[in-house]
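Now for the letters of each chain:
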Amino acid sequence: MQALILAGGKGTRLRPLTVYTPKPIVPVVNRPFLLYQIEILSRAGISDIVLSLSYQPDKIEDLLGDGSEFGVRLRYVTEPTPMGTGGAYRFAADEIRETTIVLNGDILTDLDISDLIAFHRNQQAEATISLVRVEDPSTYGLVEIDPESRVKRFLEKPAKEDVAELGMNTINAGVYVLEPSILDLIPVGENRSFEYDVFPKILENGKAFCGYVMEKNYWRDLGNPKSYLEAHRDFFAGGISGFVIDRSAVSDIATAALVDKGSVIGTGCVIKPGAKVTLSAIGQGVHIDEKAVVENSVIWSHTRISAGAEIRNAIVGRSCHIGRNATVTEGSVLGDKTSLSDYTKV
Ligand code: GTP
C-alpha cells in the first residue's frame, strides 16, 4: 500500500503565511504540518509515501528529505504547472501502480487509516472517500451516501437555508482510497479536480464508490488563518489524541516570566521577567521582552516581541519585529519580517 499526499497548492487563503512557507510545512504546534499526516500513515504501516508538489517544491523537499528521519520513504513528484488535485494524482501515475491512499495535504486528522482501508476492502470498492459530519456544511461540498455506504451524489456548497431540508451533513474529509483503475478516468496532462471532475466521473462510470464516515475522529481543514489558529487551540485543549507534543526544547525562560503549561516553546527562546505567555505556540529562537503578553497566538521562529507589547488571538510570521507596547489584536496575521513600530495597533 502506498500514499500520495497532495501538497502542491498555493495556499492563497493562508497568505501572508504561505508567501515564503508552502502550506504543507507551516508549523502546527512547532512541527511542520505534513509530519502529522506522515504519522497517521506510519501508524497504519504505510511507509511508501509520494509527495505531489508544485508550489515551492524545494522548500518541502529540503525540509523532509528522503523521510528516513521520520521512519518512512519519501519520494517527490513535481508538476511543471499546478494540475489540480485530480490532475496531480494522474501526473503521479508512474509512481502509484497499486491501491493508494490519497490525502489532501491540509487536513489535520487522527483518522485510523487501517480502518479506512479495511472498509474499502470489505466494500470491494474501487474508490472510497472519507467523510466527516459538520454542523454547517454550507461552505463545503456535501456527499450523500445510501444505507450500503455507496456514494449517491455530490452537492457543492449548498445554500444555508437548503441544508436543513437536505437532511445530510457529511462532507468530503480529503482522504481517499483509490484503485489504479481510477487513473484511467483522468486525461493525461490536464488540470482536473477530484471534487468537480474525477468523483462525478467515477459515479457516471458506475464504479464501486463508497463513503466512509469518520464518527469519532478529530478532523480539521487548515486552509485559512482562523482554522489554523483553532487547530492550535484544539491541541492545547487536549482535543486531538494520539499526537505527542514535544515540550523538550531548551529555552531561557526567566523565573519571573509566566508561561502556562499549555503553551509550547521552541528551542533557543528567551522569555524575560514579567512576560506572560498563555495557550500559545512559540517557534524557535523567539525573544519575548519584559512584560510582553502573548495569548492564544502562534508566533513563528526568530520573531522579537519587545517590552510591553501585547499579542492576542493572532498569528505572527517568522523574523518579525513587534515594537514596544505595540498591540496585535484578534484576527491579525502578520507575514514574515513584518516590523511594527512602538505603540502601533493592528
Ligand atoms: P487555497 O489557494 O487557499 O485554496 O489553497 P490550496 O492551493 O492548498 O488549495 P486547496 O485547499 O483546494 O487544496 C487542497 C489540497 O490539494 C492541498 O493540500 C493542496 O496543497 C493540494 N493541491 C491543490 N491544488 C493542487 C495542484 O494543482 N497540484 C498539487 N500537487 N496539489 C494541489
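Residues numbered from 1 in each chain as written. Predicted model: local features only at pLDDT ≥ 70, side-chain atom pairs only at ≥ 80, totals over all residues. Heavy atoms only, no water.

### Details of the site of the ligand
Right, on to step 1. What surrounds the ligand is a group of 19 residues, the closest being Thr-12, Ser-52, Glu-79, Gly-84 and Gly-105.
Right, on to step 2. The separation between a nitrogen atom of the ligand and a polar main-chain atom of Gly-8 is 3.0 Å.
Right, on to step 3. Top contributing element to the shell around the ligand by residue count: helix α3 (residues 84–91), with three residues.
Right, on to step 4. Looking at the shell around the ligand, its residues break down into five nonpolar, nine polar and five charged. (Near = heavy atom within 4 Å. Polar contact = N/O pair within 3.5 Å; in protein donor to acceptor, adjacent residues only side chain to side chain. Helix = DSSP H or I, 4+ residues; strand = E, 2+ residues; numbered from the N terminus. Nonpolar A, V, L, I, M, F, W, Y, C, P; charged D, E, K, R; others polar.)

### So, the sheet that holds strand β15 (residues 258–259)
Right, on to step 1. Read from one edge of the open sheet, five strands run β15-β18-β21-β24-β27, paired in parallel fashion. The sheet is open, and its two borders are formed by β15 and β27 (327–328), each paired with just one other strand.
Right, on to step 2. Relative to strand β18 (residues 276–278), β15 is paired through two bridges, and the arrangement is parallel. If you follow Leu-258 over to β18, its bridge partner there is Lys-276. (Pairing = 2+ DSSP bridges.)

### Looking at the sheet that holds strand β23 (residues 304–305)
Strand pairing in a sheet relies on backbone hydrogen bonds. The paired strands run either parallel or antiparallel.
Right, on to step 1. Taking strand neighbours across the sheet as the criterion, the six strands line up as β14-β17-β20-β23-β26-β29 in an open arrangement whose pairing is parallel. The sheet terminates laterally at β14 (252–253) and β29 (339–340), the two strands that pair on one side only.
Right, on to step 2. Pairing geometry for β14 and strand β17 (residues 270–271), over two bridges, is parallel. In the sheet register, Asp-252 faces β17, and the bridge partner there is Val-270.

### Let's talk about the pairing of strand β5 (residues 73–78)
Right, on to step 1. As judged from the six bridges shared by strand β4 (residues 48–53) and β5, these two strands associate in the parallel manner. Considered in β5, the bridge of Leu-53 is made with Thr-78.
Right, on to step 2. At this point the chain moves from β4, through helix α2 (residues 57–64), to the parallel β5, and the crossover so formed is right-handed. (Right-handed = clockwise from strand over helix to strand, strands pointing away.)

### A word on the pattern of salt bridges
Right, on to step 1. Evaluation of the coordinates by the stated rule reveals 18 salt bridges.
Right, on to step 2. In this structure, Arg-75 and Glu-95 form a salt bridge, with 2.3 Å as the shortest nitrogen-oxygen distance. Of this pair, Arg-75 sits in strand β5 while Glu-95 is found in the loop between α3 and β6 (100–104), placing the two residues 20 residues apart along the sequence.
Right, on to step 3. A residue is classified by how much of its surface remains accessible, and Arg-75, at 18% relative accessible area, is buried.
Right, on to step 4. For Glu-95, a relative accessible area of 30% puts it in the partly exposed group.
Right, on to step 5. Taking the shortest distance from any N to any O, the salt bridge between Arg-220 and Glu-230 comes out at 2.9 Å. Here Glu-230 lies in helix α7 (residues 225–236) and Arg-220 lies in strand β13 (residues 219–221), a separation of 10 residues in the sequence.
Right, on to step 6. Exposure remark for Arg-220: the relative accessible area of 18% places this residue in the buried category.
Right, on to step 7. With relative accessibility at 22%, the residue Glu-230 sits in the partly exposed group. (Salt bridge = Lys/Arg side-chain N within 4 Å of Asp/Glu carboxyl O. Buried < 20%, exposed > 50% of the residue type's maximum accessible area, 1.4 Å probe, protein only.)

### Some points on the nonpolar core
The tendency in soluble globular proteins is for nonpolar side chains to be buried as a group.
Right, on to step 1. Ranked by size, the top nonpolar core spans 61 residues in total, and within it Leu-41, Ile-49, Leu-51, Leu-64, Ile-101, Leu-108 and Tyr-228 carry the most contacts.
Right, on to step 2. Element by element, the count of residues in this core is highest for helix α1 (residues 34–43), at six residues.
Right, on to step 3. Looking at this core, you find at least three residues from each of domain 1 (2–236) and domain 2 (252–340).
Right, on to step 4. Contact partners of Ile-49, with chain neighbours within four places excluded, come to Ala-3, Ile-5, Ile-38, Leu-41, Val-72, Arg-73, Leu-74 and Arg-75.
Right, on to step 5. Formed by 27 residues, the second largest nonpolar core is a distinct cluster that contains Leu-4, Leu-131, Ile-202 and Phe-209. (Core = buried A, V, L, I, M, F, W, Y, C linked by side-chain atoms within 4.5 Å. Domains from an automatic or database assignment. Contact = heavy atoms within 4.5 Å.)

### Some points on the side chain of Ser-54
Right, on to step 1. Locating Ser-54 in the fold gives a position in the loop between β4 and α2.
Right, on to step 2. In this view, Ser-54 contacts Gly-8, Thr-78, Glu-79, Thr-81 and Pro-82; residues no more than four positions away in its chain are not counted.

### Focus: the packing of α3 against helix α6 (residues 194–204)
Right, on to step 1. Two elements in contact, α3 and α6, have axes separated by 7 Å at closest approach and are oriented at 60°. On the side of α3, the interface is formed by Thr-85, Gly-86 and Tyr-89, while α6 contributes Phe-194, Glu-195 and Val-198.
Right, on to step 2. Tallied by class, residues from the contact of α3 with α6 come to three nonpolar, two polar and one charged. (Axes fitted to C-alpha atoms, helices over the stretch in contact; angles between N-to-C directions.)

### Focus: the domain arrangement of the protein chain
One frequently used descriptor of interface size is the decrease in accessible area upon assembly of the parts.
Right, on to step 1. If you check the domain split of the protein chain, you get domain 1 (2–236) and domain 2 (252–340).
Right, on to step 2. Placing the centre of domain 1 and that of domain 2 at their C-alpha centroids yields a distance of 33 Å.
Right, on to step 3. Contact residues are listed per partner, giving 14 residues for domain 1 and 22 residues for domain 2.
Right, on to step 4. With both sides pooled, the region where domain 1 packs onto domain 2 buries about 1,400 Å², and carbon together with sulfur makes up 71% of that total.
Right, on to step 5. When the buried surface of domain 1 facing domain 2 is broken down by residue, Leu-17, Asn-30 and Phe-236 rank first, second and third, together holding 39% of it.
Right, on to step 6. One can count zero salt bridges joining domain 1 with domain 2.
Right, on to step 7. If one sorts the elements of the side of domain 1 that touches domain 2 by residue count, α7 sits on top with six residues. (Buried area = accessible area lost by both parts, 1.4 Å probe.)

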